[in-house]
Amino acid sequence: MVVGNGHSAATTIGVLSRVAKREPGTRITWVLRRGAVGNTFGGGSADELPERGALGQRAKKAVEDGLVDLVTGFRSERVVIDGGQAALVAEDGRRLAPAARVFVATGFRPDLSFLSEIRLDLDMRLQAPSKIAAEVDPNVHSCGSVRATGAADLEQPEPGFYIVGAKSYGRAPTFLALTGFEQVRSVVAAIAGDREAAERVDLVLPDTGVCGGSGLFDAPDQESSAGSCCASSPQLIQLGTAPAGR
Ligand SMILES: Cc1cc2nc3c(=O)[nH]c(=O)nc-3n(C[C@H](O)[C@H](O)[C@H](O)COP(=O)(O)OP(=O)(O)OC[C@H]3O[C@@H](n4cnc5c(N)ncnc54)[C@H](O)[C@@H]3O)c2cc1C
């Protein structure tokens, strides 16, 4: 059983599919929280990183070939261990058949415990530096078009302190090594006093070819009119209760 929707889950499905072909009788269940498959299979040929695009396509083929049973709209609440196997129970009471192995690819959060004495300015939900949080937050938008980040985005209230690398994206799942290399180049330039090099952005990150985030896909029918960077047309909103024009 594989739980989760991202690239790690797709990678796991790909590997397990090879096992299932080798060992007939192996059953694979893929459990998604989102109500519809949507863009689970990624950007395919629209992904500017071809191998990242291929991950989802391999997983899609495994589903189409009948190697994988897809379960959607399943919000896992607990795991029940029964006879050495694990059964997932959902918030709505549904219970899946027990599995010998459960691969949980449902995200992560950075371990910031060793920084508890350091003055940090982090987004309270994403746990990424506040200046980049809105941009990398997959619940706000993940149109695959995140700009590269540098010293100015990553510096913390603690003088001379920067957060770089995977930790700089907090709980966002879209960090690439390329992002980190550019961050480190810019931060080293800032520490060395080369302001021009620190401010320059030398990288354009490759698009995923997918528009939307986990928050957007969880309940697509409810959220399609909610508005986001991915909305097809501008959304008119009114703040406060006074009629427009007053
Ligand atoms: C399954 C998976 C697949 C991925 N595939 C890709 C990919 O194909 N391409 C890509 O670009 N990115 C990929 N990524 C993202 C990848 O994690 C990053 O691009 C890259 O590894 C981040 O490098 P990093 O140095 O910032 O962090 P990490 O590689 O996580 O390194 C951080 C290091 O710091 C150490 N550390 C942590 N706390 C402390 C401490 N208190 N004291 C001392 N050391 C500490 C850790 O032990 C670790 O060695 C993948 C991530 C995952 C989880």
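Residues numbered from 1 in each chain as written. Predicted model: local features only at pLDDT ≥ 70, side-chain atom pairs only at ≥ 80, totals over all residues. Heavy atoms only, no water.

The chain goes by Flavoprotein in an unreviewed UniProt entry, where it is assigned to Microbacterium suwonense.

A. Representation of the overall build of the chain within the structure. Counting secondary structure elements, the chain contains eight helices and six strands. Going from N to C terminus, the chain has its helices and strands arranged as β-α-β-α-β-β-β-β-α-α-α-α-α-α. Put simply, the chain has 246 residues, and 37% of those count as buried. The long-range share in the chain, meaning contacts at least 24 apart out of those at least 6 apart in sequence, stands at 59%. (Helix = DSSP H or I, 4+ residues; strand = E, 2+ residues; numbered from the N terminus. Buried < 20%, exposed > 50% of the residue type's maximum accessible area, 1.4 Å probe, protein only. Contact = heavy atoms within 4.5 Å.)

B. Geometry of helix 5 (residues 177–191). With 15 residues, helix 5 ought to run about 21 Å at 1.5 Å a step, and its terminal C-alpha atoms sit 21 Å apart, in line with that. When we look at burial in helix 5, the residues that qualify are T179, G180, E182, Q183, S186, V187 and A189. Directly beyond the C-terminal end of helix 5, a positive phi value near 90° is found at G193. (Expected span 1.5 Å × (residues − 1).)

C. Region of the structure containing the pairing of strand 3 (residues 68–71). Pairing geometry for strand 2 (residues 28–31) and strand 3, over four bridges, is parallel. Each bridged residue has a counterpart across the sheet, and for T29 the counterpart in strand 3 is D69. (Pairing = 2+ DSSP bridges.)

D. Representation of the pattern of salt bridges in the model. Scanning the entire structure with this criterion turns up 13 salt bridges. Taking the shortest distance from any N to any O, the salt bridge between D137 and R125 comes out at 3.7 Å. Residue D137 is located in the loop between helix 3 (130–136) and helix 4 (151–154), and its partner R125 is located in the loop between strand 6 (103–104) and helix 3; the two are separated by 12 residues in the primary sequence. With relative accessibility at 5%, the residue D137 sits in the buried group. In the salt-bridge network here, residues are joined through shared partners; they are E135, R147 and D153. (Salt bridge = Lys/Arg side-chain N within 4 Å of Asp/Glu carboxyl O.)

E. The arrangement of the sheet that holds strand 2 in detail. Taken in spatial order, the four strands make up an open sheet running 3-2-1-6, and their pairing is parallel. The open sheet has two edge strands, strand 3 and strand 6, and neither has a second partner. Direction of pairing for strand 1 (residues 2–3) relative to strand 6: parallel, over a ladder of two bridges. Residue pairing across strands places V2 opposite F103, the latter belonging to strand 6.

F. Layout of unusual backbone geometry. Not every positive phi belongs to a glycine, and Q127 is a case in point at roughly 60°. Looking at the secondary structure, you find Q127 in the loop between strand 6 and helix 3.

G. Layout of a positive patch on the surface. The grouping of R18, K21, R22 and R58 at the surface amounts to a positive patch. In terms of residues, the positive patch owes the most to one element, helix 1 (residues 7–22), which gives three residues. By the element assignment, R58 lies in helix 2 (residues 50–64). A residue is classified by how much of its surface remains accessible, and R58, at 44% relative accessible area, is partly exposed. (Patch = residues over 30% accessible without salt bridge, like charges linked within 9 Å, V, L, I, M, F, W, Y side chains within 5 Å. Areas by Shrake-Rupley, 256 points an atom, 1.4 Å probe, with all protein chains shown as cover. Lys, Arg positive; Asp, Glu negative; His and termini not counted. Charge placed at Lys NZ, Arg CZ, Asp CG, Glu CD.)

H. Geometry of a nonpolar patch on the surface. A cluster of nonpolar side chains, V164, V184 and V188, forms an exposed patch at the surface whose accessible area comes to about 210 Å². Examined against the element boundaries, V188 turns out to sit in helix 5.

I. A look at the site of the ligand. With respect to spatial proximity, the complete set of residues near the ligand consists of S8, F114, G165, A166, F175, L176 and A177. Within the backbone of A166, one N or O atom sits 2.8 Å away from an oxygen atom of the ligand. Within the backbone of A177, an N or O atom sits 2.7 Å from an oxygen atom of the ligand. Partitioned by chemical class, the residues of the shell around the ligand number five nonpolar, two polar and no charged. (Near = heavy atom within 4 Å. Polar contact = N/O pair within 3.5 Å; in protein donor to acceptor, adjacent residues only side chain to side chain. Nonpolar A, V, L, I, M, F, W, Y, C, P; charged D, E, K, R; others polar.)

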